[in-house]
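Here is how the chains run, residue by residue.
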Amino acid sequence: MPKVAIVMGSTSDLPVMQEAIDVLRSFDIEVDVDIVSAHRTPDKLYEFSKNAHKKGVSVIIAGAGGAAHLPGMVASMSPLPVIGVPVKSSNSIDGWDSVLSILQMPGGVPVATVALNGAKNAGILAAQIIGSSNSEVLDKVIAYKEGLKSKVIDGAKQIKGNF
């Protein structure tokens, strides 16, 4: 079974990151969730980043608020794709500090970045990455996208019927 690691800087990030957990579980992708603070637990950050690929993880989703160093630090040490979720936290500058910290990575250390509090899209992107080499997950992603299409078509029919 494919596995995605989801890490976040503190428990306050969990309500946002829960959307990634939920969407990945809907694709039957194993999820390993942990708190790893770039600033408060650097040894744990190092251990996680250096060894996630040895533990069967295919993609890492890292959510962080404020200065938001977690995704970039993970990406600097891991060979795996990292998806960063900027989290609008209580100590944030309206979320922009988190967005820019994750988005503005130097050449050679890529972090795919989703929208502020966009953990759901991070989960979907992780599933798409896994689906590129796993036909079972790919089929579930295709079905999910067809479901999105159906919702739009149904919504359009409802609106047309009212006008």
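Look a little higher up for the structure.
Residues numbered from 1 in each chain as written. Predicted model: local features only at pLDDT ≥ 70, side-chain atom pairs only at ≥ 80, totals over all residues. Heavy atoms only, no water.

Participant: Even after reading the chapter, I still don't get a nonpolar patch on the surface, so can you show me in this structure?
Facilitator: Nonpolar side chains collect at one region of the surface, where W96, L100 and L103 lie side by side and expose about 340 Å² of accessible area between them. Turning to its location among the elements, W96 is positioned in helix α4 (residues 96-103). Its relative accessible area of 55% is what places W96 among the exposed residues. (Patch = residues over 30% accessible without salt bridge, like charges linked within 9 Å, V, L, I, M, F, W, Y side chains within 5 Å. Areas by Shrake-Rupley, 256 points an atom, 1.4 Å probe, with all protein chains shown as cover. Salt bridge = Lys/Arg side-chain N within 4 Å of Asp/Glu carboxyl O. Helix = DSSP H or I, 4+ residues; strand = E, 2+ residues; numbered from the N terminus. Buried < 20%, exposed > 50% of the residue type's maximum accessible area, 1.4 Å probe, protein only.)

Participant: Explanation requested: the packing of aromatic side chains in the structure shown.
Facilitator: Note on aromatic pairs: each is described by the distance of the centres and the angle between the planes. For the coordinates displayed, the defined rule picks out one aromatic pair. For the pair F27 and Y144, a centre-to-centre distance of 5.6 Å together with 70° between the ring planes defines the contact as edge-to-face. Linking F27 in the loop between α1 (14-26) and β2 (30-35) with Y144 in helix α6 (residues 135-162), this pair joins segments that are 117 residues apart in sequence. Look at Y144 and you get partly exposed, because its relative accessible area is 22%. (Phe/Tyr/Trp six-rings, centres within 6.5 Å; stacked < 30°, edge-to-face > 60°.)

Participant: So what exactly am I meant to see when it comes to the side chain of S89 here?
Facilitator: Position of S89 relative to the elements: it lies in the loop between β4 (82-87) and α4. Note on S89: relative accessible area 18%, which makes it buried. A polar contact is formed between the side chain of S89 and the side chain of N91, at a distance of 2.6 Å. Leaving out residues up to four positions away in the same chain, S89 has contacts with G65 and G66. (Polar contact = N/O pair within 3.5 Å; in protein donor to acceptor, adjacent residues only side chain to side chain. Contact = heavy atoms within 4.5 Å.)

Participant: How should the environment of T41 be read in this particular structure?
Facilitator: Here T41 lies in the loop between β2 and α2 (42-51). In this structure, the C-alpha to C-alpha distance between T41 and G9, residues 32 residues apart in sequence, is 9.3 Å. Engagement of the side chain of T41 in a polar contact is seen with the backbone nitrogen of S37, the distance being 2.9 Å.

Participant: Looking at this structure, how should I read the environment of K3?
Facilitator: Within the secondary structure, K3 sits in strand β1 (residues 3-8). A C-alpha to C-alpha distance of 23 Å links K3 and A115, two positions 112 residues apart in sequence. Apart from the residues lying within four places of it in its own chain, the contact partners of K3 are I29, E30, D32, K55, G56, V57, S58 and V59. At 2.8 Å, the side chain of K3 and the backbone oxygen of K55 are in polar contact.

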